[in-house]
Amino acid sequence: MRETVAIRLTVNGTTVERDVQPRLNLVDFLRDELGLTGTHWSCEHGACGACTVRVDGEIVRGCLIFAVQLDGATVETIEGLTESGALAELQAAFHARNAVQCGFCTAGMLLTADALLRRDPDPRRETIRAALSANYCRCTGYHAIVDAVAEAARERAKRP
Amino acid sequence: MTGPLSSLDRPVSYIGKSVPRPNAKRLLAGRGRYVDDVRLPRLAHAAFLRCPYAHARLASLDVAAAVRAPGVIRVVTAKDLAGRYTPWVGTLTHFKGMKSAPQHPLVVERATWQGEPVVAVVAESRALAEDAVAQIDVAWEELPPLTDMHAALEPGAAPLHAELGDNLCFTRTIDAGAVDAAFAAADCVVEESYSFARHTGVCLEPRSILADFDSAAGSLTVHYSSQAPHMMKEIFARHFRLPESAVRVVCNDVGGSYGIKIHVYPDEMATVAIALLLGRPVKFIADRLESFVSDIHAREHRITARMALAKDGTIAALAIDDVTGIGPYSTYPRTSVVEGNQVIGLAGSSYRCRNYRAQLRVAFQTKPPTTQYRAVGHPIATAVTEALIDRAAGALGLDPAELRRHNLIPDDAYPWTTASGLKFEKLSQQAALEKLLALMDYDGLRREQAALRQRGVHRGIGLACFVELTNPGPAFYGVGGAPISSQDGCTIRLDPGGSVTCATGVTEQGQGTETMVAQIVASTLGLALNQVRVVTGDTERTPYGGGTWASRGCGIGGEAALQGALALKANILALAGAMLQAEPVALDLAGGWVVDRVGGNRRIGLDEVGRAAYFRGDTLPPGVQPELVATRHYMPRQYPFAFTNGVQACYLELDVETGFIKLLKHWVVEDCGRVVNPLLVEEQIRGGVVQGIGGALFEECIYDDRGQLLNGTLADYLVPMAGEMPDIMVEHVETPTAESMLGAKGAGEAGTGGAPAAVMNAVNDALAPFKVRITAQPISPRRVLAALGKA
């Protein structure tokens with residue numbers, strides 16, 4: 001159980017090398033090894049979406065993937081995607097629309113919404129609801145989040 | 001308008017404006033600071049062995065293997081903590097006759113619910129602590145569980161706590177007017193039984209605590225996910241016999257609370273006890289399963305209710321009998337009887353009816369404790385009352401909206417005292433109902449519903465009027481002996497550059513408390529919002545206060561901020577008057593300047609006032625002592641509570657083949673008094689509605705006969721998700737309370753209080769052609785099919 005495996009991966013554009021226990025999941029790896037506390041764990045069953053991060057361009061549940069599986073992978077988190085500006089329209093729209101209350105689900109919501117807008121730049125309201133339907137938010141009731149994603153889609157359409 | 005503007009409607013005011021929350025930007029960037037994000041040197045991690053039975057005696061306990069396990073720092077049992085704390089008892093003296101047994105951080109001899117903490121392992125990491133927990137050798141002697149609350153109250157039922165004599169924690173009856181005579185004379189009597197399942201808060205951030213004891217300094221600092229830091233400081237000092245001055249509670253970002261994070265939990269008390277024992281920081285973060293079996297649960301009521309009416313629809317009498325199960329202990333320090341007490345206090349209170357009888361019985365059982373959760377008691381009282389009204393409308397052949405219109409307390413009849421004794425200063429129920437019916441196009445929806453029924457499409461419309469208790473005064477808890485403050489303070493300081501720093505006793509869990517305070521302070525002092533820095537959630541840095549619960553943040557904390565800002569303004573103008581040789585009354589503040597009250601000419605910048613006060617006192621006239629900090633406190637005194645009101649409507653479609661319910665739309669018109677920030681208020685309402693919908697349709701902690709939780713994961717316990725939720729339209733009526741200058745009453749719980757009633761009425765409206773009704777929540781597809789005889 002205490003044996004470790006060496007992994008080398010790219011996290012938010014930086015190469016990271018660590019010796020990790022096989023049982024260490026990605027969320028704990030990001031939070032405890034790298035200090036990237038913007039990714040949260042909550043349900044630990046892949047049901048709530050709070051731990052959503054991007055691996056090799058696709059969003060995954062960080063609680064359902066082990067760090068040892070990520071040798072050679074490229075991982076992006078809320079911290080890196082904020083710095084790169086990739087989520088800027090979504091973040092601005094969430095802010096203006098008050099689509100964030102306690103903030104614990106927010107990173108996962110933003111990454112999931114971003115994945116939707118990358119495959120469907122002009123989603124219908126029902127499409128947004130369906131795309132977010134595996135991300136749990138206890139505070140907002142979702143209406144404001146749906147509004148914000150729709151607004152962000154309109155803003156993204158103006159990108160040169 | 002002539003003459004100078006009041007402090008609330010100044011020319012440049014943020015009051016009533018939809019201002020986004022400045023502090024939300026951190027959360028959007030992944031820069032929140034929740035308890036689990038705090039990393040301290042020598043940090044140790046706690047994990048708990050929990051009792052796997054609902055009721056069992058600890059036969060033997062051997063922790064030797066756990067002590068030897070890798071990374072283990074200490075294994076702590078009840079024996080190790082004996083004498084290091086004072087047990088707590090969840091009773092308050094104003095609830096006459098209530099009783100409960102003492103509680104401990106760890107099971108001493110007997111466990112009374114599945115999930116009760118027994119042994120704590122402290123290790124270098126949470127994973128290592130959990131590994132060691134698995135090495136603990138424990139033997140249990142299983143005792144008979146007591147899961148059913150009616151069985152618990154049966155004569156001769158074995159008392160869960162022998163010293164209490166029976167399983168009745170508390171009972172209360174109300175008998176107002178002439179109930180028997182009204183029922184005897186009624187044209188129509190409807191009677192129904194209702195059940196409301198046990199559910200829980202499911203905060204996305206689990207309960208989290210990091211207790212850090214510095215034995216050299218003798219000081220305890222607790223980083224805590226909590227709604228009430230000052231209350232917990234008091235409790236930690238009291239129960240660990242520390243000087244009050246030695247305890248600091250810090251609440252940074254809180255990842256959802258809704259009433260969950262305002263109670264004393266054994267595992268959290270154990271964490272503090274262990275930090276004191278070890279003299280180093282100890283962290284405990286509940287995992288999801290632990291949350292399900294050890295967070296407080298809520299509701300679990302069975303109610304029988306009767307309503308008497310005259311032919312014209314006038315409600316003549318209401319009678320309800322509520323039995324509620326609260327687990328093995330009443331929670332501390334708020335007690336677990338407030339929920340039931342509010343059910344019987346609030347039922348029927350929207351209406352003119354004077355004949356009211358109610359009985360409440362609160363029972364002990366071997367499940368986790370239940371207690372206050374968002375909208376305490378309101379969803380139950382409202383669901384029962386509003387369901388009876390719809391049932392009566394059906395029996396009398398009257399329209400449900402018309403029946404409500406006929407019975408609501410008239411808007412010009414206030415002040416009003418309800419049959420149960422609640423005092424309403426001023427409500428707007430008639431105006432709210434008319435606004436809602438117009439907003440939803442009630443008549444149009446009824447026509448659409450009728451047309452669709454012809455085609456076999458079954459839609460339902462549900463209405464629910466409600467009142468909501470907010471801003472409780474000291475009569476709510478303080479009078480009964482709880483260290484719970486009904487007042488809050490706000491301290492505001494002018495800094496040398498002309499901005500202000502403001503510290504408040506009310507707390508932020510995402511509602512927008514800090515923004516609300518900043519809006520009020522900025523408006524009063526003529527500043528831009530970004531010139532106001534608000535500090536919350538730290539007992540060492542904020543004035544004493546109760547925190548944020550019972551929808552009190554704006555009504556109490558907002559008024560304290562307003563009064564504090566007015567006091568600081570007076571101090572600034574006094575200083576500026578001395579500097580300018582002007583009468584302070586001839587001056588005002590606007591745009592970061594001291595200006596002439598009439599005409600608005602800029603006289604001197606606030607930065608210049610600040611600099612003179614702090615750095616160039618030599619330039620001030622003799623005898624002038626600047627006081628550029630002011631503190632004011634506020635506590636409602638005139639009424640025991642403020643009351644808000646509102647009405648909700650639900651429109652849904654029911655699939656009679658599958659039992660599935662599709663929520664089409666939801667409407668709310670509510671009156672929270674003065675609306676400081678519509679954007680924030682409306683999201684409080686929407687979030688609350690969805691939490692109420694969760695209880696109505698999805699959420700249930702399912703226990704078997706042995707008291708075992710059957711659905712302890714988020715894959716099994718259903719919560720509302722985006723795909724199933726409707727759009728929610730929100731509008732306001734504003735009836736400010738005259739008790740405060742601000743006039744805000746509170747908005748945090750109105751959504752949750754009314755939604756389950758509206759949803760249940762809509763389901764039953766859709767079922768009307770089938771002559772069946774559902775009166776048990778959550779209304780699952782299985783229950784729908786059972787009602788239709790298809791299950």
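Source: prediction; values computed, not measured.

Moving on: the sheet that holds strand β4 (residues 110-111) of chain B. Residues and elements named next belong to chain B. Reading across the sheet, the three strands line up as β4-β2-β6 and stay open at both edges, with antiparallel pairing between neighbours. Both outer strands of the open sheet, β4 and β6 (137-142), are each paired with one neighbouring strand and no more. The pairing of strand β2 (residues 56-62) with β4 spans two bridges and is classified as antiparallel. Looking at β4, one finds that Arg 57 is bridged to Arg 110.

Glancing now at the interface of chain B and chain A. Of the residues lining the interface, 43 residues belong to chain B; the matching set on chain A comes to 39 residues. Among the secondary structure elements, those contributing two or more residues to the side of chain B that touches chain A are α1 (24-28), α18 (678-698) and β28 (727-732) of chain B. Counting residues per element, the side of chain B that touches chain A draws most heavily on α18 of chain B, at eight residues.

The end-to-end C-alpha separation of helix α8 (residues 266-278) of chain B is 18 Å, in line with the 18 Å expected for 13 residues at 1.5 Å each. Immediately beyond the C-terminal end of α8 of chain B, within one or two residues, lies Gly 279 of chain B, with a positive phi of roughly 65°.

We now examine the packing of α18 of chain B against helix α19 (residues 750-767) of chain B. All names here are of chain B. At a closest axis distance of 7 Å, the pairing of α18 and α19 adopts a crossing angle of 45°. By the angle class used here, α18 and α19 are oblique. Judged by the sense of rotation from one axis to the other, the crossing of α18 with α19 is right-handed. In contact with Gln 684, Ile 685, Arg 686, Gly 687, Gly 688, Val 689, Gln 691, Gly 692, Ile 693, Gly 695, Ala 696 and Leu 697 of α18, α19 contributes Ala 750, Gly 751, Thr 752, Gly 754, Ala 755, Pro 756, Val 759 and Met 760.

Moving on: the domain arrangement of chain B. All names here are of chain B. Along its sequence, chain B is carved into domain 1 (24-32 + 487-634), domain 2 (35-143 + 206-254 + 260-294) and domain 3 (297-474 + 638-787). Centre-to-centre separation of domain 1 and domain 3, based on C-alpha positions: 39 Å. Those elements that place two or more of their residues in the side of domain 1 that touches domain 3 are α15 (513-525) and α16 (553-580). Counting residues per element, the side of domain 1 that touches domain 3 draws most heavily on α16, at six residues. In terms of residue class, the side of domain 1 that touches domain 3 is made up of seven nonpolar, seven polar and two charged.

This next bit is on the packing of α15 of chain B against α16 of chain B. All names here are of chain B. Contact pair α15 / α16: the axes reach a minimum separation of 9 Å and the direction vectors enclose 30°. Taken as axis vectors, α15 and α16 run roughly parallel relative to one another. The two elements α15 and α16 cross, and the hand of that crossing is right-handed. Note on element contacts: α16 touches α15 through Gly 553, Cys 554, Gly 557, Gly 558, Ala 561, Leu 562, Ala 565, Leu 566, Leu 568 and Lys 569, opposite Thr 513, Met 516, Val 517, Ile 520, Val 521, Thr 524 and Leu 525. Residues of the contact of α15 with α16, tallied by class, amount to 11 nonpolar, five polar and one charged.

Further remarks concern α16 of chain B. Residue and element names in this part refer to chain B. For α16, which comprises 28 residues, the first-to-last C-alpha distance of 38 Å matches the rise-based estimate of 40 Å (1.5 Å per residue) to within 8%. Counted residue by residue, α16 has 20 buried out of 28 residues, so it is predominantly covered. Phi for Gln 581, located one or two positions after α16, is positive at around 55°.

All names here are of chain B. Here we have six strands laid out as an open sheet, ordered β7-β15-β14-β13-β8-β29, and mixed in their pairing. Looking at the sheet topology across the chains shown, the edges are occupied by β7 (168-176) and β29 (776-777). Where strand β8 (residues 188-200) meets strand β13 (residues 297-309), 12 bridges bridge the pair, whose relative direction is antiparallel. Bridge pairing in β13 links Ser 195 to Arg 302. Set on the sheet, helix α11 (residues 378-396) makes contact with β8, β13 and β14 (315-325); between it and β8 the angle comes to about 150°.

What follows is about the domain arrangement of chain A. Residue and element names in this part refer to chain A. Split by domain assignment, chain A resolves into domain 1 (5-81) and domain 2 (87-156). Here the C-alpha centre of domain 2 lies 22 Å away from the C-alpha centre of domain 1. Counting residues at the interface gives 14 residues for domain 1 and 12 residues for domain 2. Of all elements in the fold, only β3 (52-55) and α2 (78-83) reach the threshold of two or more residues within the side of domain 1 that touches domain 2. Of the residues forming the side of domain 1 that touches domain 2, the biggest block, three residues, is contributed by β3. Looking at the side of domain 1 that touches domain 2 residue by residue, the classes come out as seven nonpolar, six polar and one charged.

Criteria and thresholds
- Residues numbered from 1 in each chain as written.
- Chains lettered and ligands numbered in written order.
- Predicted model: local features only at pLDDT ≥ 70, side-chain atom pairs only at ≥ 80, totals over all residues.
- Pairing = 2+ DSSP bridges.
- Helix = DSSP H or I, 4+ residues; strand = E, 2+ residues; numbered from the N terminus.
- Contact = placed C-beta atoms within 7 Å.
- Expected span 1.5 Å × (residues − 1).
- Axes fitted to C-alpha atoms, helices over the stretch in contact; angles between N-to-C directions.
- Parallel < 35°, antiparallel > 145°, perpendicular 65-115°, else oblique.
- Left-handed = near helix turned anticlockwise from the far one by under 90°.
- Domains from an automatic or database assignment.
- Nonpolar A, V, L, I, M, F, W, Y, C, P; charged D, E, K, R; others polar.
- Buried ≥ 20, exposed ≤ 12 C-beta atoms within 10 Å, placed from the backbone.

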